[in-house]
Protein chains: 2
Amino acid sequence: MAQRPKPAIDAVEILHRRFYEGKPTRLKSLEQTRANEEIARTICELRTAASLTQSQLARLIGTTASVICRLEDADYEGHSLAMLRRIAGALNQRVEIRFVPIRRSA
Amino acid sequence: MAQRPKPAIDAVEILHRRFYEGKPTRLKSLEQTRANEEIARTICELRTAASLTQSQLARLIGTTASVICRLEDADYEGHSLAMLRRIAGALNQRVEIRFVPIRRSA
DNA sequence: TTGCACTTTCGCAACATTGCGAATAGACTG
DNA sequence: CAGTCTATTCGCAATGTTGCGAAAGTGCAA
């Protein structure tokens with residue numbers, strides 16, 4: 001599936017500058033950190049809304065309480081899609097993933 | 001370690017039956033499989049919409065084309081949040097995650 | 001046909017997340 | 001106070017994902 005080779009090269013450079021040249025690669029972590037905090041809080045809210053303890057939720061998805069505790073830690077950055085889906089499934093929910101465009105201070 | 005809270009245990013059992021007793025644990029994989037296919041297709045669409053080849057996108061996020069190819073494979077089930085965010089970031093997007101309740105034939 | 005760009009598959013090392021138990025701390029009750 | 005339940009933290013083995021190159025497959029055009 002060969003497409004246009006010439007206009008794409010420029011896009012690569014533009015995007016690259018936009019995200020890796022202007023910033024020390026640490027800035028992106030800020031947004032991710034907030035996203036992780038939100039995930040942790042969401043898990044905790046869903047669990048408590050279902051009147052479940054960490055141990056009970058852990059048993060539902062076949063793990064232990066320490067794992068749930070780790071997921072609900074705001075500083076945790078290792079959230080995986082697989083784990084989120086397991087939790088969602090146990091709570092009769094599903095994980096919806098969407099890519100939404102970022103508007104940069106426009 | 002005696003643990004017997006009376007009110008919550010019921011909820012645990014109910015939820016457990018709802019998801020692990022009535023079905024052979026394979027059914028859940030079906031939904032996940034479709035979700036994975038959708039993710040793969042979304043990545044591919046976002047990439048092509050940006051007029052990028054797999055190699056170019058790979059370079060943007062600091063990996064190789066084979067990795068991108070693997071992510072765009074509909075049969076791939078190892079999608080991680082970290083990778084999705086890397087791709088989204090390179091394409092000037094962000095990954096939105098939501099837990100939505102499942103309606104079982106309302 | 002050849003050449004070229006793109007995609008796909010394979011294999012394995014490196015890294016990240018999970019699984020799990022045990023110990024600790026906090027809150028609440030009798 | 002002791003007793004119980006819950007939440008948190010630590011460490012390490014097991015599992016899973018990523019990183020990467022190389023080779024082969026695909027489609028298009030000269």
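Coordinates for the structure precede this section.
In this text, all values refer to a predicted model and were calculated from it rather than measured experimentally. (Residues numbered from 1 in each chain as written. Chains lettered and ligands numbered in written order. Predicted model: local features only at pLDDT ≥ 70, side-chain atom pairs only at ≥ 80, totals over all residues. Heavy atoms only, no water.)

Draft legend 1. Quick peek at the overall build of chain A. Across its full length, chain A carries five helices and one strand. Ordered by position from N to C terminus, the α and β elements of chain A give α-α-α-α-α-β. Within chain A, the proportion of its 106 residues that are buried is 37%. If you take every contact in chain A between residues at least 6 apart in sequence, the share linking residues at least 24 apart comes to 55%. Summing over all exposed atoms, chain A offers an accessible surface of approximately 6,700 Å²; the carbon and sulfur share of this is 51%. (Helix = DSSP H or I, 4+ residues; strand = E, 2+ residues; numbered from the N terminus. Buried < 20%, exposed > 50% of the residue type's maximum accessible area, 1.4 Å probe, protein only. Contact = heavy atoms within 4.5 Å. Areas by Shrake-Rupley, 256 points an atom, 1.4 Å probe, with all protein chains shown as cover.)

Draft legend 2. Local environment of the packing of helix H3 (residues 54–61) of chain B against helix H4 (residues 65–72) of chain B. Residues and elements named next belong to chain B. Put simply, H3 and H4 touch, their axes get as near as 8 Å, and they point 105° apart. Our classification of the angle between H3 and H4 gives roughly perpendicular. Between H3, through Gln54, Ser55, Leu57, Ala58 and Ile61, and H4, the contact on the second element is made entirely by Ala65, Ile68, Cys69 and Glu72. Residue composition of the contact of H3 with H4, grouped by class: six nonpolar, two polar and one charged. (Axes fitted to C-alpha atoms, helices over the stretch in contact; angles between N-to-C directions. Parallel < 35°, antiparallel > 145°, perpendicular 65-115°, else oblique. Nonpolar A, V, L, I, M, F, W, Y, C, P; charged D, E, K, R; others polar.)

Draft legend 3. Spatial organisation of a negative patch on the surface. All names here are of chain A. Taken together, the side chains of Glu37, Asp73, Asp75 and Glu77 define an acidic patch exposed on the protein surface. Along the chain, aspartate 73 falls in the loop between helix H4 (65–71) and helix H5 (81–90). Looking at aspartate 73, the relative accessible area reads 36%, which means it is partly exposed. (Patch = residues over 30% accessible without salt bridge, like charges linked within 9 Å, V, L, I, M, F, W, Y side chains within 5 Å. Salt bridge = Lys/Arg side-chain N within 4 Å of Asp/Glu carboxyl O. Lys, Arg positive; Asp, Glu negative; His and termini not counted. Charge placed at Lys NZ, Arg CZ, Asp CG, Glu CD.)

Draft legend 4. Seen up close, the packing of helix H3 (residues 54–61) of chain A against H5 of chain A. Residues and elements named next belong to chain A. Packing of H3 against H5 leaves a shortest axis separation of 9 Å and a crossing angle of 105°. Between H3 and H5, the angle is such that the two are roughly perpendicular. Residue-level contacts link Leu57, Leu60 and Ile61 of H3 to Met83, Arg86, Ile87 and Ala90 of H5. Residues of the contact of H3 with H5, tallied by class, amount to six nonpolar, no polar and one charged.

Draft legend 5. Expanded view of the environment of histidine 79 of chain B. Within the secondary structure, histidine 79 of chain B sits in the loop between H4 and helix H5 (81–90). Sequence separation between histidine 79 of chain B and alanine 40 of chain B is 39 residues, and the spatial gap between their C-alpha atoms is 8.7 Å.

Draft legend 6. How the structure looks around the protein's contact with DNA strand C. Not every one of the 18 residues close to DNA strand C is listed here, only the nearest: Tyr76, Ser80 and Arg86 of chain A together with Arg47 and Gln54 of chain B. When atoms of DNA strand C within 4 Å of the protein are split into backbone and base, the sugar-phosphate part holds 68%. Within the side chain of serine 66 of chain A, one N or O atom sits 3.0 Å away from a base oxygen of DNA strand C. A distance of 2.9 Å is found between a phosphate oxygen of DNA strand C and a side-chain nitrogen or oxygen belonging to serine 80 of chain A. For the surface near DNA strand C, the elements supplying multiple residues, two or more each, are H4 and H5 of chain A together with H4 of chain B. In terms of residue count, H4 of chain A provides more of the surface near DNA strand C than any other element does, three residues in total. When grouped by side-chain class, the residues that make up the surface near DNA strand C number four nonpolar, nine polar and five charged. (Near = heavy atom within 4 Å. Polar contact = N/O pair within 3.5 Å; in protein donor to acceptor, adjacent residues only side chain to side chain.)

Draft legend 7. Focus on the environment of alanine 90 of chain B. Residue and element names in this part refer to chain B. Locating alanine 90 in the fold gives a position in helix H5. According to the relative accessible area criterion, alanine 90 is buried, its value standing at 3%. Separated by 37 residues in sequence, alanine 90 and threonine 53 place their C-alpha atoms 13 Å apart.

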